[in-house]
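Read off the chains here:
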Amino acid sequence: MLDLQTLPNKAPEYNLQDLLESGCHFGHQVAKWHPHMKKYIYMEKDGVHIFDLAKTAAQLQQAYNAAYELGKTGKTLVIVGTKRQAREVVLEKAPTANIPYITSRWLGGLITNWDQVRKSLKRMIFIEEGLKTDKFKGYTKYERNQLEKELTRLKRFFEGIRTLTNKPDALFIIDVNTEKVAVREAEGEVFTMAVVDSNSNPDPIDVVIPANDDGRKSIELITDAVIAGYIAGKNDK
C-alpha cells in the first residue's frame, strides 16, 4: 500500500476551466446521492449535485502523484472500466500505454484467487500459440474449432491482463458502483484510485476523484491524468 502522506509532488496544476468544459462537475440527481460524498459537493442545481472542481483538481493531483509513485517503484496498475463510456476510453488509452486493463467483466479472484486466474492466463496463451503452430496438427477439425471457441472466450476476459505475472498492486476504477465487485475484492488488499460520482460510497477507495463517471470527456480527462502520472514514474526510475 502507498503512504499518501509521503507521495512525491509531481502532478501538474489542473485548470478548473478544462474540468468544467469536460463536464467533470456534474453529479447525479440529488435524490440518488451518497451522504459520504457531501464534502466534495459545491451546490445543487436543477435537482443535480455539482462537484467542487477545486477539490476534484486537488484529488486528481493526488491520483497523479500516486500513479507516478506506482510507476517509479515498478508496481503494476490495472485500469478497470467495463461500462460502455469507460470501456471505449480504456481500450483507446491503456494498450498504447502498455497498462493492463479490464473492460469486459471483473474477473472474480483476480486479487483473492490469483492462482486460478494465472492458470486461465496460461491456458489462453497455450491455446493461442498452439493454433499458430503445428502443436494441434493431429486434432480433428471439431477439436480445433472447440479450442478456437475456448480461446475467444478466454481472450474476452483475459486479453487486457495477459502481461500480468502476479496479482495487481493497484487498481484505477471508473465508476465504483458498476465495479462494486472489484471494489469489494480490492478493499484492504490492493491500493485503489477511482472516479467516484455523487451516488457512490467513497469510503473503500484510497484516492477518491470526485467527478462525473458517465460523461466520456470527464472519464477521458481523468484517465489521461492517471496514465500520464504512471508513465512519468516509469520513465523516472
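Attention here is on the structure that accompanies the text. None of the values given here were measured: they were computed from a predicted structure.

The gaps left among the atoms become clear once a water-sized probe is rolled over them. Within this model, the largest pocket holds a volume of roughly 150 Å³. If you go around the largest pocket, you meet 13 residues; those closest to its centre are Gly74, Lys75, Thr76, Tyr230 and Lys234.

If you look at the biggest cluster of nonpolar residues, it comprises 38 residues, and the most contacted ones within it are Leu60, Leu77, Ile79, Phe172, Met193, Ile222 and Val226. Breaking this core down by element, the ones donating at least two residues are helix H2 (53–72), strand E4 (77–80), helix H3 (84–97), strand E6 (170–174), strand E7 (191–196), strand E8 (207–210) and helix H7 (216–234). Look past the residues within four positions of Leu60 in its chain and what remains in contact with it is Tyr14, Leu19, Ile209, Leu221, Ile222 and Ala225. Listed in part, the 36 residues of the second largest apolar core include Val78, Ile111, Phe158 and Ile161.

Bringing H7 into the picture now. Its 19 residues place the ends of H7 27 Å apart at the C-alpha level, agreeing with the 27 Å of an ideal helix rising 1.5 Å per residue. Along H7, the residues classified as buried are Ser218, Ile219, Leu221, Ile222, Thr223, Ala225, Val226, Ile227, Gly229, Tyr230 and Gly233.

This part covers the pattern of salt bridges. For the structure shown, the criterion picks out 15 salt bridges. For Glu88, the salt bridge identified is with Arg216, shortest N-O distance 3.3 Å. One end of the pair, Glu88, is in helix H3; the other, Arg216, is in helix H7, with 128 residues separating them in the sequence. We classify Glu88 as partly exposed; its relative accessible area is 37%.

Across the interface, helix H4 (residues 114–132) lies against helix H5 (residues 141–158) with an axial gap of 9 Å and an inter-helix angle of 135°. Of the possible angle classes, the one that applies to H4 and H5 is oblique. The handedness of the crossing between H4 and H5 is left-handed. Between H4 and H5, the residues in contact are Val117, Ser120, Leu121, Arg123, Met124, Ile127, Glu128 and Leu131 and Arg144, Leu147, Glu148, Glu150, Leu151, Leu154, Lys155 and Phe158, respectively. Its residues placed into classes, the contact of H4 with H5 shows nine nonpolar, one polar and six charged.

Turning next to the sheet that holds strand E3 (residues 48–51). With antiparallel pairing, the three strands of this open sheet are ordered in space as E1-E3-E2. Where the open sheet ends on each side, the last strands, each with one partner, are strand E1 (26–29) and strand E2 (41–45). The mean inter-strand angle of the sheet, taken between neighbouring strand axes irrespective of direction, is 30°. Looking at chain direction, E2 and E3 are connected through four bridges and run antiparallel. Looking at the pairing, Met43 lines up with Ile50 of E3.

About the cut-offs
Within each chain, residue numbers correspond to sequence positions counted from 1 in written order. For a predicted model such as this one, the threshold for reporting local features is a pLDDT of at least 70, and the threshold for listing and counting side-chain atom pairs is 80 or more; totals across whole chains, interfaces and linings nevertheless cover every residue. Only heavy atoms go into the side-chain values, all of them from the structure, while hydrogens and water stay out. Definitions used throughout: a 1 Å grid over protein atoms alone; a cavity as a set of points that fits a 1.4 Å probe which cannot get out; a pocket as an open set with protein on both sides within 12 Å along at least five of seven lines; a lining residue as one with an atom within 4 Å of a point. Grid points are joined across faces, edges and corners, and a volume is the space filled by probe spheres set on the points. Take the buried residues of types Ala, Val, Leu, Ile, Met, Phe, Trp, Tyr and Cys, join any two whose side-chain atoms come within 4.5 Å, and each joined set is a nonpolar core. Burial classification: accessible surface area is computed with a 1.4 Å probe over protein chains only, and a residue below 20% of its type maximum counts as buried, one above 50% as exposed, and the rest as partly exposed. Per the convention used, a helix needs a DSSP run of H or I reaching at least four residues, while a strand needs a run of E reaching at least two, with both numbered from the N terminus. In what follows, residue pairs with any heavy atoms lying within 4.5 Å of each other are defined as contacts. Expected helix span is given by 1.5 Å per residue-to-residue step, counting one fewer step than there are residues. Note on definitions: salt bridges are taken to be side-chain nitrogens of Lys or Arg within 4 Å of carboxyl oxygens of Asp or Glu. Every angle, taken between N-to-C directions, lies between 0 and 180 degrees, and every axis is a line fitted to C-alpha atoms, over only the stretch in contact when it is a helix. Any angle that falls under 35 degrees is termed roughly parallel, while one over 145 is termed roughly antiparallel, one within 65 to 115 roughly perpendicular, and all others oblique. If you view the pair so one helix is near and one far, a crossing is left-handed when the near helix is turned anticlockwise from the far one by less than a right angle, and right-handed when it is turned clockwise. Three classes are used, and their members are as follows: Ala, Val, Leu, Ile, Met, Phe, Trp, Tyr, Cys and Pro are nonpolar, Asp, Glu, Lys and Arg are charged, and the others, Gly among them, are polar. A strand pair is defined by DSSP finding two or more bridges across the two strands.

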